[in-house]
Amino acid sequence: MRTQVAIIGAGPSGLLLGQLLNKAGIDTIILERQTSDHVLTRIRAGVLEQVCVDLMDEVGVGQRMHHEGLVHGGFDLLFKGQRHRIDLNRLTGGKNVMVYGQTELTRDLMDARKASGLSTIYTAGNLTVHDFDSHQPRVRYEEDGVKGKKANEIECDFIVGCDGFHGVCRASVPSGALREFEKIYPFGWLGMLSESPPVHEELIYANSPRGFALCSQRSQTRSRYYLQVPLTDKVQDWSDEAFWQELRLRLDPKAREQLVTGPTIEKSIAPLRSFVTEPMRFGRLFLAGDAAHIVPPTGAKGLNLAATDVKYLSSALIECYEEKSEAGIDHYSERCLRRIWRAERFSWWLTSLMHRFPENGEMGQKFQEAELDYLINSEAGSRSLAENYVGLPLDFGE
Ligand code: APR
Ligand code: PHB
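Quick notes on the rules
- Residues numbered from 1 in each chain as written.
- Chains lettered and ligands numbered in written order.
- Predicted model: local features only at pLDDT ≥ 70, side-chain atom pairs only at ≥ 80, totals over all residues.
- Heavy atoms only, no water.
- Helix = DSSP H or I, 4+ residues; strand = E, 2+ residues; numbered from the N terminus.
- Buried < 20%, exposed > 50% of the residue type's maximum accessible area, 1.4 Å probe, protein only.
- Domains from an automatic or database assignment.
- Contact = heavy atoms within 4.5 Å.
- Buried area = accessible area lost by both parts, 1.4 Å probe.
- Near = heavy atom within 4 Å.
- Polar contact = N/O pair within 3.5 Å; in protein donor to acceptor, adjacent residues only side chain to side chain.
- Areas by Shrake-Rupley, 256 points an atom, 1.4 Å probe, with all protein chains shown as cover.
- Nonpolar A, V, L, I, M, F, W, Y, C, P; charged D, E, K, R; others polar.
- Phe/Tyr/Trp six-rings, centres within 6.5 Å; stacked < 30°, edge-to-face > 60°.

**Q** I would appreciate a short explanation of unusual backbone geometry in the present structure.
**A** Of note, the amide linkage connecting Glu278 to Pro279 takes the cis form, showing an omega dihedral of -10°. Within the element layout of this structure, Pro279 appears in the loop between β17 (264-278) and β18 (281-282). Look at Thr123: it is not a glycine, yet its phi comes out positive at around 50°. When you line up the elements, Thr123 lands in the loop between β8 (119-121) and β9 (125-130). On the basis of relative accessible area, Thr123 is assigned to the partly exposed category, the value being 30%.

What follows is the structure, given as structure tokens:
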């Protein structure tokens, strides 16, 4: 088998890249370890920057997002029992964010790929990548055949690792060729998706003495809530009732009163991590999305960074095919990393500001309170938060 670009992973990065390249007439095969149903069971964040919304429109799959997504012009910061609205729209000169679940976005991209008859190989087992330091890279994998496992090989011009943090592509680069930066936070997020109306029409980010809480949503009838929990906690330790009770204790009196509980659809604990790989290219192998970087979810930047990585990469690959110029692919890593480090800094900062860090002592706590006070009461402070939250334009700094 042969293709121009072999894409490993059918998460949002791989699927969006496939659509962007297809639009330019570039042939791709996507190889995914799981089934499509499995990919669609993963619940992830759901706040899209305008840049991400525009990319969905660019590849012609924005229709359902515009219909079902919720446009938010601000969010609330809860601190010392009081809520303060960060008016994103006013502070950024008219920008908003779109609340639309990553699962829905992934489904829209999958449906579009299927409708265009493009090749996606699900349940690709034992995938390995080869010869990406040459002009003839290859991907090997096992397919479930009638007589058991069947070994297959794909020849291509480029391999793109969109295979997430635990994927095979980054791990296949010779040790010493990549530099990794990592910070692990001393707590996790316990998330709950619930069949209940959201407590508030916009998101509430709560800094409470009992730890961070986030009130998010998927629709008018579906809420998504998170609690900061110790890394040692297990999901099974948290009954639904215990979750609701703890959430109430971390909210302000009005939200506590308005909170409506409902059946749980999903509950899970995720660790928080900041992680960056440099560079994001090795020969004819590129990394994009979670394969190259992880942000803590506090700033909701993970999906947005994945989307901009693949936009930059698709432009570079199109330039390479159409103009026979490698300038774009040579610049890919540097171009992405500048944006990634900006989002990494913002996500780390917002995480530091909103969570409890007992190990930082009383002094750390006082600094946090003073910073929140500044943020809320200074136009410059609020604007800086808003500017980073809505995200940078695609061509920032160019
Ligand atoms: N072979 C084939 N597929 C693989 C392999 C492998 N060896 N390893 C991983 N995969 C697949 C995973 O099963 C998954 O479907 O790669 C896909 C990676 O998808 P994501 O983890 O969703 O990563 P990405 O597409 O970069 O999306 C980034 O996801 O984690 C969130 O916050 C993050 O929103 C961001 C988004
Ligand atoms: C979510 O809706 O899952 C969500 C929203 C905002 C965040 C993180 C997660 O910052």
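**Q** Looking at this structure, how should I read the domain arrangement of the protein?
**A** By a widespread convention, an interface's size corresponds to the accessible area lost as its parts come together. The domains assigned to the protein are domain 1 (5-49 + 64-70 + 100-181 + 274-352) and domain 2 (185-272 + 357-390). For domain 1 and domain 2, the distance between their C-alpha centroids amounts to 30 Å. Facing the 21 residues of domain 1 at the interface are 22 residues of domain 2. When the two sides are added together, the surface that domain 1 and domain 2 hide from each other amounts to roughly 1800 Å², 63% of it contributed by carbon and sulfur.

**Q** Is there a simple way to explain the site of ligand 1 in this structure?
**A** Close to ligand 1 lie 24 residues, the nearest being Ser13, Glu32, Arg42, Gln102 and Asp290. Within the contact set of ligand 1, an oxygen atom lies 2.5 Å away from a side-chain nitrogen or oxygen of Gln102. Taken by itself ligand 1 offers 710 Å² of open surface, and the protein chains cover 90% of this. Those elements that provide at least two residues to the shell around ligand 1 are α1 (12-23) and α10 (302-323). The element that contributes the greatest number of residues to the shell around ligand 1 is α10, accounting for three residues. Of the residues belonging to the shell around ligand 1, the class tally is nine nonpolar, nine polar and six charged.

**Q** Help me understand the site of ligand 2 in this model?
**A** Looking at ligand 2, there are 15 residues lining it, with Tyr205, Ser216, Arg218, Tyr226 and Pro297 nearest. Contact between ligand 2 and Ser216: an oxygen atom at 2.5 Å from a side-chain N or O atom of the residue. Contact distances for ligand 2 include 3.0 Å between an oxygen atom and a backbone N or O atom of Thr298. For ligand 2, whose free accessible area comes to 280 Å², the fraction covered by protein is 100%. Put simply, the parts of the chain that give the shell around ligand 2 at least two residues each are β15 (213-219) and β16 (222-230). The element contributing the most residues to the shell around ligand 2 is β15, with three residues. Partitioning the shell around ligand 2 into residue classes produces nine nonpolar, three polar and three charged. Each of domain 1 (5-49 + 64-70 + 100-181 + 274-352) and domain 2 (185-272 + 357-390) gives at least three residues to the shell around ligand 2.

**Q** Help me understand the packing of aromatic side chains, please; the structure alone is not making it clear to me.
**A** Two aromatic rings, taken as a pair, are described by how far apart their centres are and by the angle between their planes. All chains considered together, the criterion is met by 17 aromatic pairs. Here Phe158 and Tyr321 contribute two aromatic rings whose centre-to-centre distance is 5.9 Å and whose plane-to-plane angle is 90°, an arrangement assigned as edge-to-face. Separated by 163 residues along the polypeptide, Phe158 in strand β12 (residues 158-161) and Tyr321 in helix α10 bring together distant segments of the chain. Looking at Tyr321, the relative accessible area reads 19%, which means it is buried. An angle of 75° between the planes, with centres 5.6 Å apart, marks the rings of Tyr225 and Trp244 as edge-to-face. Linking Tyr225 in strand β16 with Trp244 in helix α8 (residues 240-250), this pair joins segments that are 19 residues apart in sequence. Take Tyr225: its relative accessible area is 0%, and that puts it in the buried class. With a relative accessible area of 3%, Trp244 lands in the buried category. Among the aromatic residues, those joined into a cluster by ring pairs are Phe75, Trp189, Tyr205, Phe212, Tyr226 and Tyr389.

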